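# Descriptive structure summary
Listed below are the residues making up each chain.
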Amino acid sequence: MDHLDDSTGNPLNDLKNRFPLLNQVAAQEPVFWANPHWIPFNTAKDQAVFTINQVEAARSRWHRFRPYLASAFPEIGFPEIGDRKGHIDSPLVEISRMKGVLERYFSRDIQGRILFKCDNLLPVSGSIKARGGIYEVLKHAEDLAQEAGLIQPSDDYSILSGPQAKQLFKTHTIAVGSTGNLGLSIGIMGAALGFKVVVHMSKEAKQWKKDLLRTKGVRVVEYASDYSMAVREGRLQALKDKQTYFIDDEQSIDLFMGYAAAGYDIADQLNAMQITIDKDHPLFVYLPCGVGGGPGGITYGLKQIFGDHVHCFFAEPTASPCMLLGLMTQWHDRICVRDLGLDNQTCADGLAVGRPSGLVGKNLNTMISGVFTVDDAMLYQLLTLVNDHAGLKLEPSAAAGAAGPAWLARPEAQKYLDHHSVSSTMDRAVHIIWATGGSMVPDDEFEVYTLKGKQ
Ligand SMILES: *Cc1c(COP(=O)(O)O)cnc(C)c1O
């Protein structure tokens, strides 16, 4: 409680008096919270340190790397829209029967259409981290290669899979702290380019992820402590070596921009599906949240395109609602779930983060629509329902967004809908459940998940 001890009296009681919902959060009850700091995007955008130019620069960088990615990973690119070779993206699919399935499970009528963004199928590393993590590795490689005179932005980047680039990259190290998936993305891409990679894994990290990385020659350092500690250790060790570049999940703008470029992917896909988003057709997006970079970046990217017509809700485990705490109290990264007595123990390993990113919380303070929480039993059940009825293989973290449409149909959300003048247009709403990972989970492990879901 070192951060909360600086006020007089009992700081926790004081917080709970100011924010009564914290009593339920502390009792690990699932909650829905609408963000009172939300303001229209036209004003909100001027309060962030980032700009649209940075998102566009990220899109251009992804483009420049397509020839390299296509040559190093021929499996990248699915034929949904035009030529996608070397474009790391996932299908956006409407699964209409899931609406009835979710309605029955939650005993709620859900209005509008239900789509899944299948980042569980993202190539290379099978999770949303393929957006942010891989992007920052590519940017670092580009910086080094340009500095060394190996490439210019107008070149064909496939030369980066050649021997000269490998010679250069093998003298450099990339380090990262991770609960698993970020390490997987950065490890696989870093190793493919020829970098030395060190991944500092928190105790949540699954054994198969560590094993897979080791087969790629990645050094995996294991910690008995949580994610924040793994990041801190990684950061400290990286500081000691000039050739080591640390990818900072808590503070990196590059990582954030890699995620933000997904806004354009969604716009293209909705276009191709002839789905319009406007005042009469609101878009609701449900994003599982760990430290916040992934959902934060995607929210920022979507806001650039859809402005106030997109409503982004973050989904967190009841044991690790760090972004909820940070936003609600406005303490951001100065509060952690332990301050509230929560243990950060959840089956959603990708979301097992006790302290939110300050960068994301402070800059998206007025853009995020709200946060809801989901308990572990429900994560297993949602994962199983989505597998049975939509045929998608998700890890527990990735199932959290599936609770979103039902939360928005509950009385708790009515004030939000009224305030945003969408109550009467909900029958034309589009809900996107962001399925953030899972295709690489070993089958025997996945079977254990679904057994738990069926219990
Ligand atoms: C990391 C992760 C998230 C959340 O991303 P953050 O940047 O940590 O908020 C969601 N789902 C899965 C599967 C993840 O691995």
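To start, this report covers the structure provided alongside it. (Residues numbered from 1 in each chain as written. Predicted model: local features only at pLDDT ≥ 70, side-chain atom pairs only at ≥ 80, totals over all residues. Heavy atoms only, no water.)

On a plain count of helices and strands, the chain comes out with 20 helices and 11 strands. Against the globule reference of 23 Å for 455 residues, the chain gives a C-alpha radius of gyration of 21 Å, in line with a compact fold. Across its three principal directions, the C-alpha atoms of the chain cover 60 × 55 × 50 Å. Per-residue burial for the chain yields a buried fraction of 62% across its 455 residues. In the chain, the proportion of contacts linking residues at least 24 apart, taken out of those at least 6 apart, comes to 75%. Measuring between centres, the 44 positive side-chain charges of the chain sit 2 Å from its 52 negative side-chain charges. (Helix = DSSP H or I, 4+ residues; strand = E, 2+ residues; numbered from the N terminus. Rg over C-alpha atoms; globule rule 2.2 N^0.38 Å. Buried < 20%, exposed > 50% of the residue type's maximum accessible area, 1.4 Å probe, protein only. Contact = heavy atoms within 4.5 Å. Lys, Arg positive; Asp, Glu negative; His and termini not counted. Charge placed at Lys NZ, Arg CZ, Asp CG, Glu CD.)

Our focus in this paragraph is the sheet that holds strand β3 (residues 113-118). As summarised here, the arrangement of the 7 strands in space is β1-β10-β9-β8-β11-β3-β2, forming an open sheet in which the pairing is mixed. The sheet is open, and its two edges are formed by β1 (32-34) and β2 (92-94), each paired on a single side. Neighbour to neighbour, the strand axes of the sheet diverge by 25 degrees on average, direction disregarded. Here 4 bridges tie strand β8 (residues 283-288) to strand β11 (residues 430-435), and the two strands are oriented parallel to one another. Residue Tyr286 lies in a different strand from β11, and its bridge partner there is Ile433. Those strands touched by helix α14 (residues 293-306) are β8, β9 (310-317) and β11, and its axis lies near 170 degrees from that of β9. (Pairing = 2+ DSSP bridges. Axes fitted to C-alpha atoms, helices over the stretch in contact; angles between N-to-C directions.)

Glancing now at the side chain of His87. Its location among the elements puts His87 in the loop between α5 (66-72) and β2. A distance of 2.8 Å separates a polar atom in the side chain of His87 from a polar atom in the side chain of Arg66. What His87 contacts, discounting residues up to four positions off in sequence, is Arg66, Ile76, Gly77 and Asp265. (Polar contact = N/O pair within 3.5 Å; in protein donor to acceptor, adjacent residues only side chain to side chain.)

The subject of this paragraph is the nonpolar core. The biggest cluster of nonpolar side chains holds 160 residues, and the ones touching the most others in it are Leu69, Phe116, Phe169, Met189, Phe284 and Trp434. Setting aside residues no more than four positions away along its own chain, Phe169 makes contact with Ala141, Leu144, Ala145, Leu160, Leu193, Gly194, Phe195 and Lys196. (Core = buried A, V, L, I, M, F, W, Y, C linked by side-chain atoms within 4.5 Å.)

Glancing now at the site of the ligand. Around the ligand there are 15 residues in total, and Lys129, Asn181, Gly292, Gly294 and Thr436 lie nearest to it. One of the backbone N or O atoms of Val291 is found 3.1 Å from an oxygen atom in the ligand. Note that an oxygen atom of the ligand is positioned 2.7 Å from one of the backbone N or O atoms of Gly292. Per-element accounting of the shell around the ligand gives the leading share, 3 residues, to α14. Partitioning the shell around the ligand into residue classes produces 5 nonpolar, 8 polar and 2 charged. (Near = heavy atom within 4 Å. Nonpolar A, V, L, I, M, F, W, Y, C, P; charged D, E, K, R; others polar.)

Before going further, it helps to examine the sheet that holds strand β6 (residues 219-222). Sheet architecture is open: 4 strands sit in the order β6-β5-β4-β7, paired in parallel fashion. The sheet is open, and its two edges are formed by β6 and β7 (244-247), each paired on a single side. Within the sheet, the average angular offset between the axes of one strand and its neighbour, ignoring direction, is 20 degrees. In terms of strand pairing, strand β5 (residues 196-201) meets β6 through 4 bridges, oriented parallel. Counted as the bridge partner of Val198 is Arg219 from β6.

In this section: helix α17 (residues 376-390). Every α-helix winds through 3.6 residues per turn, so residues three or four apart in the chain are directed the same way. For α17, spanning 15 residues, the distance from its first C-alpha to its last is 20 Å, which sits close to the expected 21 Å at 1.5 Å a residue. The set of residues buried in α17 consists of Leu379, Tyr380, Leu382, Leu383, Thr384, Leu385, Val386 and Ala390. In the core, the buried residues of α17 are packed alongside α6 (97-106), β3, β10 (370-374) and α20 (443-454). Two residues or fewer past α17, Gly391 is found with a positive phi of approximately 70 degrees. (Expected span 1.5 Å × (residues − 1).)

Topologically, Ala145 is positioned in helix α7 (residues 129-147). Ala145 gets classed as buried once you look at its relative accessible area, which sits at 0%. Once you skip the residues sitting within four places of it in the chain, Ala145 turns out to touch Leu150, Ile151, Leu160, Leu168 and Phe169.

It is the contact of helix α9 (residues 181-193) with helix α10 (residues 207-215), at a shortest axis distance of 10 Å, that shows an interaxial angle of 10 degrees. The angle between α9 and α10 falls in the class roughly parallel. Here α9 contributes Asn181, Gly183, Leu184, Gly187 and Ile188 to the contact with α10, which in turn contributes Trp208, Lys209, Leu212 and Leu213. When its residues are assigned to classes, the contact of α9 with α10 shows 5 nonpolar, 3 polar and 1 charged. (Parallel < 35°, antiparallel > 145°, perpendicular 65-115°, else oblique.)

A few words on the packing of aromatic side chains. Taken as a whole and judged by the stated rule, the model has 15 aromatic pairs. Ring geometry for Phe284 and Phe313: centres 6.5 Å apart, planes at 15 degrees, overall stacked. Note that Phe284 is positioned in strand β8 and Phe313 in strand β9, a separation of 29 residues in sequence. Phe313 carries the same exposure label as Phe284, and that label is buried. What links up through ring pairs into an aromatic cluster is the set Phe32, Phe284, Tyr286, Phe313, Phe372, Trp407 and Tyr416. A cation sits over an aromatic face here: Arg59 above Tyr264, 3.7 Å from the ring centre. Sitting over the ring of Phe446, Lys393 keeps its end group 5.8 Å from the ring centre. (Phe/Tyr/Trp six-rings, centres within 6.5 Å; stacked < 30°, edge-to-face > 60°. Lys NZ or Arg CZ within 6 Å of the ring centre and 35° of its normal.)

Glancing now at the state of the cysteines. Within this structure, the stated rule accounts for 0 disulfides. Cys118 forms no disulfide, and the closest cysteine sulfur to it belongs to Cys312, at a distance of 18 Å. Not part of a disulfide, Cys312 finds its nearest cysteine sulfur in Cys289, a span of 12 Å. (Disulfide = S-S within 2.5 Å.)

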